[in-house]
Amino acid sequence: MAAAPKHDVFQAVADPTRRELLKLLAQNDRALHELTEHFDMTRTAVSKHLRILSEANLVSGRKSGRNKIYQLHPEPLKEVKDWLAYYEKFWENKLSMLKHYVENDESDSNS
């Protein structure tokens, strides 16, 4: 039986720095030093965020000479998408109610 990941995808994407790392890696694979340039934090701090993303199976790192190159694995994000999809019906309902309210308010003021 495989061990459960230390961090799930929801924990991993909860942090804005990790979301930004995912966005950067969605553009292309990057070395740690390239990723670190985008943040006002130490290389060690960025590495810790990447470790959490790795533990959630969202990224992987491979050695290339002296560098470690990180790559995005977006598949686990489907779990977040599926979870959010359930709540879309509530958002759509609120937007429909707002549209109805605005349209009725406009017709009342035009009368």
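Residues numbered from 1 in each chain as written. Predicted model: local features only at pLDDT ≥ 70, side-chain atom pairs only at ≥ 80, totals over all residues. Heavy atoms only, no water.

(A) Just the overall build of the chain, in detail. Each helix and strand counted, the chain has 5 helices and 3 strands in total. When the elements of the chain are put in sequence order from the N terminus, they spell out α-α-β-α-α-β-β-α. Per-residue burial for the chain yields a buried fraction of 26% across its 111 residues. The contacts of the chain with a sequence gap of at least 6 include a subset with a gap of at least 24, amounting to 52%. Summing over all exposed atoms, the chain offers an accessible surface of approximately 8,200 Å²; the carbon and sulfur share of this is 53%. (Helix = DSSP H or I, 4+ residues; strand = E, 2+ residues; numbered from the N terminus. Buried < 20%, exposed > 50% of the residue type's maximum accessible area, 1.4 Å probe, protein only. Contact = heavy atoms within 4.5 Å. Areas by Shrake-Rupley, 256 points an atom, 1.4 Å probe, with all protein chains shown as cover.)

(B) How the structure looks around the pattern of salt bridges. Counted by the stated rule, this structure contains 4 salt bridges. Note that Asp29 is salt-bridged to Arg62, the shortest N-O span being 3.6 Å. Here Asp29 is found in the loop between helix 2 (16-27) and strand 1 (30-31), whereas its partner Arg62 is found in strand 2 (residues 59-64), with 33 residues between them in sequence. Arg62 sits in the partly exposed class, given a relative accessible area of 42%. Notably, a salt bridge pairs Lys78 with Asp82, separated by 2.8 Å at the nearest N-O pair. Pair noted here: Lys78 and Asp82 are both in helix 5 (residues 77-110), with a separation of 4 residues, about one helical turn. A residue is classified by how much of its surface remains accessible, and Asp82, at 38% relative accessible area, is partly exposed. (Salt bridge = Lys/Arg side-chain N within 4 Å of Asp/Glu carboxyl O.)

(C) Geometry of the sheet that holds strand 2. What the 3 strands build is an open sheet, ordered 1-3-2; its pairing is antiparallel. Pairing within the sheet leaves two strands with one partner each, and these edge strands are strand 1 and strand 2. Sheet topology note: the strand 1/strand 3 (residues 67-72) ladder contains 2 bridges and is antiparallel. Its bridge partner being in strand 3, Ala31 is matched across the sheet by Ile69. (Pairing = 2+ DSSP bridges.)

(D) Here's a closer look at the environment of Arg62. For the pair Arg62 and Ala31, spaced 31 residues apart in sequence, the C-alpha to C-alpha distance is 9.3 Å. Sequence-distant contacts of Arg62, that is, excluding residues within four places in its chain, are made with Asp29, Asn67, Lys68, Ile69 and Gln71.

(E) Structural context of the packing of helix 2 against helix 4 (residues 43-55). It is at 10 Å that the axes of helix 2 and helix 4 come closest, and there the two elements cross at 80°. In this view, helix 2 runs roughly perpendicular relative to helix 4, as classed from their interaxial angle. Residue-level inspection shows Thr17, Arg18, Leu21, Leu22 and Leu25 of helix 2 in contact with helix 4, the latter providing Val46, His49, Leu50, Ile52 and Leu53. When the residues that make up the contact of helix 2 with helix 4 are grouped by side-chain class, the tally is 7 nonpolar, 2 polar and 1 charged. (Axes fitted to C-alpha atoms, helices over the stretch in contact; angles between N-to-C directions. Parallel < 35°, antiparallel > 145°, perpendicular 65-115°, else oblique. Nonpolar A, V, L, I, M, F, W, Y, C, P; charged D, E, K, R; others polar.)

(F) Fine view of the side chain of Arg30. Take Arg30: it is sitting in strand 1. Glu34 is the oppositely charged side chain nearest to the buried, salt-bridge-free Arg30, at an N-O distance of 4.9 Å. Of note is the side chain of Arg30, whose polar atom sits 3.1 Å from the backbone oxygen of Leu24. Looking at Arg30, its side chain comes within polar contact range of the side chain of Asn28, at 3.4 Å. When near neighbours in sequence (up to four residues on either side) are disregarded, Arg30 contacts Leu24, Leu25, Leu35, His38, Lys68, Ile69 and Tyr70. (Lys, Arg positive; Asp, Glu negative; His and termini not counted. Polar contact = N/O pair within 3.5 Å; in protein donor to acceptor, adjacent residues only side chain to side chain.)

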